[in-house]
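Secondary and tertiary structure notes
One-letter residues, chain by chain:
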Amino acid sequence: MTYEFLQHYWWFVVSLLGALLVFLMFVQGANSMVRSLGWTPEGRRLVVNSTGRKWEFTFTTLVTFGGAFFASFPLFYSTSFGGAYWLWMIILFTFVVQAVSYEFQNKLGNFLGANTFQWCLMLNGILGPLLLGSAVATFFEGSNFVVEKANLTSPLLLEGQGEALSHWGNASHGLDALLNPWVLVFGLAVMFLARTLGTLYIINNVNDEDIRSRASVRLVGSAIPFVVLFVAYVVHLLLKDGYGWSIETGEIQMVPHKYLHNLIEMWPLLILLLAGVGLVLAGIAMEVWRKADSKGKCQGIWPAGIGTVLTVLTLLLCAGWNYTAYYPSTYDLQMSLTIDNSCSSEFTLRTMFYVSLLVPFVLAYIVYCWRKIDSRKIDKEEIAADEEAY
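Below or above, wherever it landed, is the structure these notes cover.

Thresholds applied
- Residues numbered from 1 in each chain as written.
- Predicted model: local features only at pLDDT ≥ 70, side-chain atom pairs only at ≥ 80, totals over all residues.
- Heavy atoms only, no water.
- Helix = DSSP H or I, 4+ residues; strand = E, 2+ residues; numbered from the N terminus.
- Expected span 1.5 Å × (residues − 1).
- Buried < 20%, exposed > 50% of the residue type's maximum accessible area, 1.4 Å probe, protein only.
- Arc of directions from axis to C-beta.
- Patch = residues over 30% accessible without salt bridge, like charges linked within 9 Å, V, L, I, M, F, W, Y side chains within 5 Å.
- Areas by Shrake-Rupley, 256 points an atom, 1.4 Å probe, with all protein chains shown as cover.
- Salt bridge = Lys/Arg side-chain N within 4 Å of Asp/Glu carboxyl O.
- Phe/Tyr/Trp six-rings, centres within 6.5 Å; stacked < 30°, edge-to-face > 60°.
- Lys NZ or Arg CZ within 6 Å of the ring centre and 35° of its normal.
- Contact = heavy atoms within 4.5 Å.
- Axes fitted to C-alpha atoms, helices over the stretch in contact; angles between N-to-C directions.
- Parallel < 35°, antiparallel > 145°, perpendicular 65-115°, else oblique.
- Left-handed = near helix turned anticlockwise from the far one by under 90°.
- Nonpolar A, V, L, I, M, F, W, Y, C, P; charged D, E, K, R; others polar.
- Core = buried A, V, L, I, M, F, W, Y, C linked by side-chain atoms within 4.5 Å.

The next thing to look at is helix α5 (residues 55-72). Here α5 is 18 residues long and its end C-alpha atoms lie 26 Å apart, about the 26 Å a rise of 1.5 Å per residue gives. For α5, the set of buried residues is Trp55, Phe57, Thr58, Thr61, Leu62, Phe65, Gly66, Ala68, Phe69 and Ser72. One side of α5 carries all its buried residues, which in axial view fall inside an arc of 165 degrees.

Shown next, in the form of structure tokens:
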């Protein structure tokens, strides 16, 4: 295991966690449509309790994603999370609001009422995927940050009195990314993807024909904007100049059609991308033209979910592999971050590699818990009989 292998391995792990997080944001997507899917208090409780079975998975994956980034690429963590803190604080705040809303909306003494917390869930359902998608888009569009590596050896920094290693180039601290129209296009694509996946999950998980029939209509209304926005951004990405770096000098330079070349040169990723997009479209089509199989089970969420993971994984790998700067600086191109200049030491990456061998066992446990939780479709009778229901 060379140092270069470990760098690529940990970028793959981080990318996989990011891809799983985007899939699990079906929770946010369904929550954004709580009031349009459930027109009665009982219907809204069905939707909330359906997503409530999975929101811990999403939150845990978000934390794990951040933790893996911190351990393997600490310079990115300090630059993005420390510099663009307004963007990340808003994201984290919406997720905290989500957790509170689940737990307190039907508790005794809730003087705000259940509707208030359901509106908070809708807020998280819209802002969470939109802002997370916008943050990921900066991997391709760049961010206005400054890295002062000279400060790393400053005696004042060691004493806690020096300047920070990295800081933002303006006072917006990350919110300026939303002024880039292509960042918004990608953010909106992720938001509508979350709504599409959320609709597919509700159709699969809720045993209520009234909600299912409305969900089928909402599916089309979310899938069409997602496809249009995603195709537009992918075309823009393949045609735009990318951020490459030289292995000999480490110099960052603009490379015409860099991401297109990445897919061609790493052709297995191109196959994964096409397979992922095809599975997402197949999952949508299964519920548009074939709403249920012979047993009455709606299964579109699974091909769409797997396709989402493959597609996002491919895009993130293209952002960091093949000598590509995964976090470009629009302030100074040479301050852009790569998997080579922003990673932890070889000892740290090697030690974490052995720890990561336990991940498949964790994933197996998650799959086991998922199957147990969803062994029976949720219905109104279950909600009425469950004193612990949201």
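Don't stop here, the text continues.
A contiguous nonpolar surface patch, about 530 Å² in accessible area, is contributed by Tyr85, Trp86, Met89, Ile90, Leu92 and Leu175. You can see leucine 175 is positioned in the loop between β2 (166-168) and α10 (181-205).

One pass over the full model with this rule turns up 42 aromatic pairs. Centroid distance tryptophan 11 to phenylalanine 139: 6.2 Å. Interplanar angle 45 degrees. Geometry classified as tilted. Of this pair, tryptophan 11 sits in helix α1 (residues 3-24) while phenylalanine 139 sits in helix α8 (residues 114-141), and the two are 128 residues apart along the sequence. Taking relative accessible area as the criterion, phenylalanine 139 reaches 5% and is therefore assigned buried. Over the face of the ring belonging to tryptophan 370 we find lysine 54, whose NZ or CZ atom lies 4.6 Å from the ring centre.

The topology assignment puts tyrosine 390 in the segment after α17 (380-385). With relative accessibility at 15%, the residue tyrosine 390 sits in the buried group. Sequence separation between tyrosine 390 and alanine 114 is 276 residues; the distance between their C-alpha atoms is 9.8 Å. When residues no more than four places from it in sequence are discounted, the contact partners of tyrosine 390 are Arg45, Val48, Asn49, Gly52, Trp55, Glu56, Tyr102, Glu103, Gln105 and Asn106.

What follows concerns the packing of α1 against helix α15 (residues 346-356). Taken N-terminus to C-terminus, the directions of α1 and α15 make an angle of 55 degrees; their axes are 10 Å apart at the nearest point. Accordingly, the angle class assigned to the pair α1 and α15 is oblique. Considering the relative orientation of α1 and α15, their crossing is left-handed. Packed against α1, whose contacting residues are Tyr3, Phe5, Leu6, Gln7, Tyr9 and Trp10, the element α15 presents Glu346, Leu349, Arg350, Met352, Phe353 and Ser356 at the interface. Taken together, the residues of the contact of α1 with α15 break down into eight nonpolar, two polar and two charged.

In this section: the pattern of salt bridges. Tallied over the entire structure, the rule returns six salt bridges. One salt bridge connects aspartate 374 with arginine 53, and the closest N-O pair in it is separated by 3.8 Å. Of this pair, aspartate 374 sits in the loop between α16 (359-373) and α17 while arginine 53 sits in the loop between α4 (41-52) and α5, placing them 321 residues apart in sequence. Here the salt bridges share partners, and the residues they tie into one network are Arg53, Lys54 and Asp374.

The tendency in soluble globular proteins is for nonpolar side chains to be buried side by side. Counting residues in hydrophobic clusters, the biggest one holds 115 residues, and the most contacted among them are Trp11, Phe69, Phe73, Phe139 and Tyr326. Excluding its chain neighbours within four sequence positions, the residues that come into contact with phenylalanine 69 are Trp11, Val14, Pro74, Phe76, Phe139 and Tyr326.

Our next topic: the side chain of serine 143. Among the secondary structure elements, serine 143 is positioned in the loop between α8 and β1 (145-147). Its relative accessible area of 5% is what places serine 143 among the buried residues. If near-sequence neighbours (up to four positions away) are discounted, serine 143 is found in contact with Thr138, Trp168, Tyr327, Pro328, Ser329, Thr330 and Tyr331.

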